[in-house]
Amino acid sequence: MALLGPALGRMLLPFIPTMKAKPFPCVVALGFSLALGQAADPIQDRVTKGVAAELPSLVSLYKHFHANPELSFMEAETARRLAAELREAGLAVTIGVGGHGLVGVLKNGDGPTLLIRADMDGLPVQEETGLPHASKKQMTDDLGNTVYTMHACGHDVHMTSFVGTARLLVQLRDAWSGTLVMIGQPAEERGAGARAMLADGLFKRFPVPDHCIGLHVASDQPAGTIGYNSGYVYANVDSVDITVRGQGGHGSQPQASKDPIVLASQIVIALQTIVSREVHPREPAVVTVGSIHGGTKHNIIPNEVKLQLTVRSYTDKVRNQILAAIERISLGTAQAAGVPEGRLPIVKVKDEFTPSSYNDPALTKRVTDTIADWLGRGVLIKRQPTMGGEDFGMYGRTEHKIPIFMFSLGTVSSDLIKRFRASGKPLPMVHSSIYAPDIEPSLRTGVTTTTAAALDLLGKK
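Residues numbered from 1 in each chain as written. Predicted model: local features only at pLDDT ≥ 70, side-chain atom pairs only at ≥ 80, totals over all residues. Heavy atoms only, no water.

J.: Help me understand the overall build of the protein chain in this model?
T.: Helix and strand content of the protein chain: 12 helices and 18 strands. Summarising its shape, the C-alpha atoms of the protein chain cover approximately 85 × 50 × 40 Å along the three principal directions. Expressed as a percentage of its 461 residues, the buried residues of the protein chain come to 54%. A separation threshold of at least 6 residues defines the contact pool for the protein chain, and within that pool the share at least 24 residues apart is 82%. For the protein chain, the computed accessible surface area is about 19,800 Å², with 54% contributed by carbon and sulfur atoms. With 46 positive and 43 negative side-chain charges, the protein chain shows a separation of 3 Å between the mean positions of the two kinds. (Helix = DSSP H or I, 4+ residues; strand = E, 2+ residues; numbered from the N terminus. Buried < 20%, exposed > 50% of the residue type's maximum accessible area, 1.4 Å probe, protein only. Contact = heavy atoms within 4.5 Å. Areas by Shrake-Rupley, 256 points an atom, 1.4 Å probe, with all protein chains shown as cover. Lys, Arg positive; Asp, Glu negative; His and termini not counted. Charge placed at Lys NZ, Arg CZ, Asp CG, Glu CD.)

J.: When you look at the sheet that holds strand S15 (residues 346-349) in this model, what are you seeing that I'm missing?
T.: Paired through backbone hydrogen bonds, the strands of a sheet run either parallel or antiparallel to each other. Strands sit in the order S12-S14-S10-S15 across an open sheet of 4 strands; the sheet is antiparallel. Two strands close off the open sheet at either side, each with one partner strand: strand S12 (285-294) and S15. Averaged over all pairs of adjacent strands, the angle between their axes in this sheet comes to 20 degrees, without regard to strand direction. Alignment of S12 against strand S14 (residues 304-313), held across 9 bridges, turns out to be antiparallel. Bridge assignment links Val286 to a residue of S14, and that residue is Arg312. Running at roughly 170 degrees to S12, helix H8 (residues 260-278) makes contact with strand S10 (236-245), S12 and S14 of the sheet. (Pairing = 2+ DSSP bridges. Axes fitted to C-alpha atoms, helices over the stretch in contact; angles between N-to-C directions.)

J.: Mind showing me how you'd approach the pairing of strand S6 (residues 178-185) here?
T.: Moving residue by residue along a regular strand, the side chains alternate between the two faces of the sheet. For S6, the tally of buried residues reaches 8 of 8 residues, placing the bulk of the element in the interior. Relative to S6, strand S2 (residues 101-108) runs antiparallel, the two being bridged by 7 bridges. Each residue of the ladder has a partner; that of Leu102, found in S6, is Gly184. For strand S3 (residues 113-119) and S6, the ladder comprises 7 bridges, and the chain directions are parallel. Considered in S6, the bridge of Ala118 is made with Gly184.

J.: Explain the nonpolar core here, please?
T.: In summary, soluble globular proteins display a tendency toward joint burial of nonpolar side chains. Ranked by size, the top nonpolar core spans 59 residues in total, and within it Leu91 and Ile116 carry the most contacts. Setting aside its immediate chain neighbours within four residues, Leu91 contacts Leu86, Gly104, Val105, Leu106, Ala166, Val170 and Met182. Formed by 25 residues, the second largest nonpolar core is a distinct cluster that contains Val244, Val268, Val279 and Leu344. (Core = buried A, V, L, I, M, F, W, Y, C linked by side-chain atoms within 4.5 Å.)

J.: What am I meant to see in helix H10 (residues 361-375) here?
T.: An α-helical segment advances 3.6 residues per turn. Residues three or four places apart therefore align on the same side. Compared with the 21 Å implied by 1.5 Å per residue over 15 residues, the 21 Å span of H10 between its first and last C-alpha is a close match. Taken together, the buried positions of H10 are occupied by Leu363, Thr364, Val367, Thr368, Thr370, Ile371, Ala372, Trp374 and Leu375. At the N-terminal end of H10, a side-chain oxygen is found 3.3 Å from the backbone nitrogen of Ala362, two or three residues along, and the residue is Asp360. (Expected span 1.5 Å × (residues − 1). Polar contact = N/O pair within 3.5 Å; in protein donor to acceptor, adjacent residues only side chain to side chain.)

J.: What is the right way to look at the side chain of Ser357 in this model?
T.: The topology assignment puts Ser357 in strand S16 (residues 357-359). Ser357 sits in the buried class, given a relative accessible area of 2%. Polar side-chain contacts of Ser357 include one of 3.1 Å to the backbone oxygen of Glu390. In contact with Ser357, not counting residues within four places along its chain, are Gly231, Tyr232, Val233, Tyr234, Glu390, Phe392 and Gly393.

J.: For this particular structure, what's the right way to read the pattern of salt bridges?
T.: If the charged atoms of two oppositely charged side chains come close together, the side chains can form a pair. A complete count under the given rule lists 20 salt bridges for this structure. The residue Arg117 makes a salt bridge to Glu390 at a minimum N-O spacing of 3.0 Å. Placement of Arg117 in strand S3 and of Glu390 in the loop between strand S17 (380-382) and strand S18 (404-412) is noted, with a sequence separation of 273 residues between them. A relative accessible area of 0% places Glu390 in the buried class. (Salt bridge = Lys/Arg side-chain N within 4 Å of Asp/Glu carboxyl O.)

J.: What's the story with the environment of Asn236 in this structure? I'm lost.
T.: Tracing the backbone through its elements, the reader meets Asn236 in strand S10. Sequence spacing of Asn236 and Asp391 is 155 residues, and the spatial spacing of their C-alpha atoms is 9.2 Å. Once residues within four sequence positions are removed from consideration, Asn236 is found in contact with Val311, Arg312, Ser313, Tyr314, Thr315, Asp316, Arg319, Phe353, Thr354, Pro355, Ser356 and Arg397. One polar contact links the side chain of Asn236 to the main-chain carbonyl oxygen of Thr315, over a distance of 3.4 Å.

J.: What is the right way to read unusual backbone geometry from this model?
T.: Excluding glycine, residues mostly have negative phi values, and the peptide bonds linking residues are mostly trans. With a phi angle near 55 degrees, Ala187 is a residue other than glycine that sits in the positive phi range. Structurally, Ala187 is set in the loop between S6 and helix H6 (193-199). Within the chain, His431 stands out as a residue other than glycine whose phi angle is a positive 75 degrees. Relative to the elements of secondary structure, His431 occurs in the loop between helix H11 (414-423) and helix H12 (439-457). A relative accessible area of 31% means that His431 is categorised as partly exposed.

J.: Before we go on, may I ask you to explain the sheet that holds S6 in this structure?
T.: Sheet architecture is open: 8 strands sit in the order S1-S2-S6-S3-S7-S18-S8-S17, paired in mixed fashion. Each edge of the sheet is formed by a strand with only one pairing partner; in this case those strands are strand S1 (92-97) and S17. Between one strand axis and the next, the sheet turns through 25 degrees on average, direction left out of account. With respect to the sheet, helix H5 (residues 155-171) is in contact with S2, S3, S6, strand S7 (211-222) and S18, its orientation differing from that of S3 by roughly 150 degrees.

J.: Which parts of the structure should I look at to understand the packing of H10 against H12?
T.: Two elements in contact, H10 and H12, have axes whose closest approach is 9 Å; the angle formed by their N-to-C orientations is 120 degrees. What the angle tells us is that H10 and H12 run oblique. Considering only the axes of H10 and H12, their crossing is right-handed. From H10, Leu363, Arg366, Val367, Thr370, Ile371, Trp374 and Leu375 reach across to H12, where they touch Thr448, Thr449, Ala452, Ala453, Leu455, Asp456 and Leu457. Partitioned by chemical class, the residues of the contact of H10 with H12 number 9 nonpolar, 3 polar and 2 charged. (Parallel < 35°, antiparallel > 145°, perpendicular 65-115°, else oblique. Left-handed = near helix turned anticlockwise from the far one by under 90°. Nonpolar A, V, L, I, M, F, W, Y, C, P; charged D, E, K, R; others polar.)

So, in structure tokens, the structure goes:
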């Protein structure tokens, strides 16, 4: 993960909001002006006032989470604080589910069961925002390396919005009926946390939800807006290792060897034909060779070369087709080069599969219609699906076939957008060392929209 240098960080520092940046005027002002004193629905008015009352403590909580990130499967202190927040709000909390995962439950009479999810882990990124609450934390990763850690993917925003929603729903128990399940999930960045919680009995030890919802920050979307898509939103993600084996020798006598570097190069080129010539043109797919390592010296032909691939798809059919083609091309190319049976390439699909996320169309329409009723349809932005990965999709792929919906929370101030556009520079993306959300309008929108969705999906009293 390449980091921007300190000089570039200092150059971009003036573009990063450090104080109270103005929310996106034509959207946030529209939505929240309706809610502030003009809302006909008393529940909306109560939510608006509740969010305003909670916002100062939520901003403080966000800064705590942001300054204290922890790597995947190491979220002990983060989970402890998040569990304490849910208990203080009034939920019954179980910790240690699938590692550092936690589950908060609030039973409030008969009615549907709703699951709301927030992920907790940070990334091995050295923060360069220059903010007062910037992370300076270092941790030892699972390989023994000391690395800087940052909430560069916005999980601090996710958790803080999650806590605000819990507080509001407890305060509004007279307005809904059913069971609220709120989960803090570890290791989303490694695509393994949802699997770990499910394997530890999430849907056996706790109420099975009728719906699952969650939000994810968007670094290219104005604060105060909500992005959405119906159907596939995130891709299947597979990691594939290929060990290309040959027969090493002296560089001056290539005829006496089976050169794995040439063979690996042929395989890399041949893999490009999978998407362009084997997968249907209307089916999204990606095969990227992200790493190639082999050899030690100019004049030595090595015995083997290692390739590392990332593979993206949406449907299980296309996923299986691509993985089969990778193995067929690797073995076939080696056989054509005369590599003996005992030295054919080893193709291994790593046990790190993250399934695609599919937003249930009916649930998507229901939640976005609710958001439009509360804040105005102008806050909604239709987004295109991405080939990125998100293990939230696993909650919809169990035997229960639970409808899921994940929406995008805009986090960028309109001023910042204007400044970057004027400068000709792209906005900092998530996973960037200089990604810095416009926190107050982001939290206000995140808590309001998640609470609105929950009130609609849970039964009315």
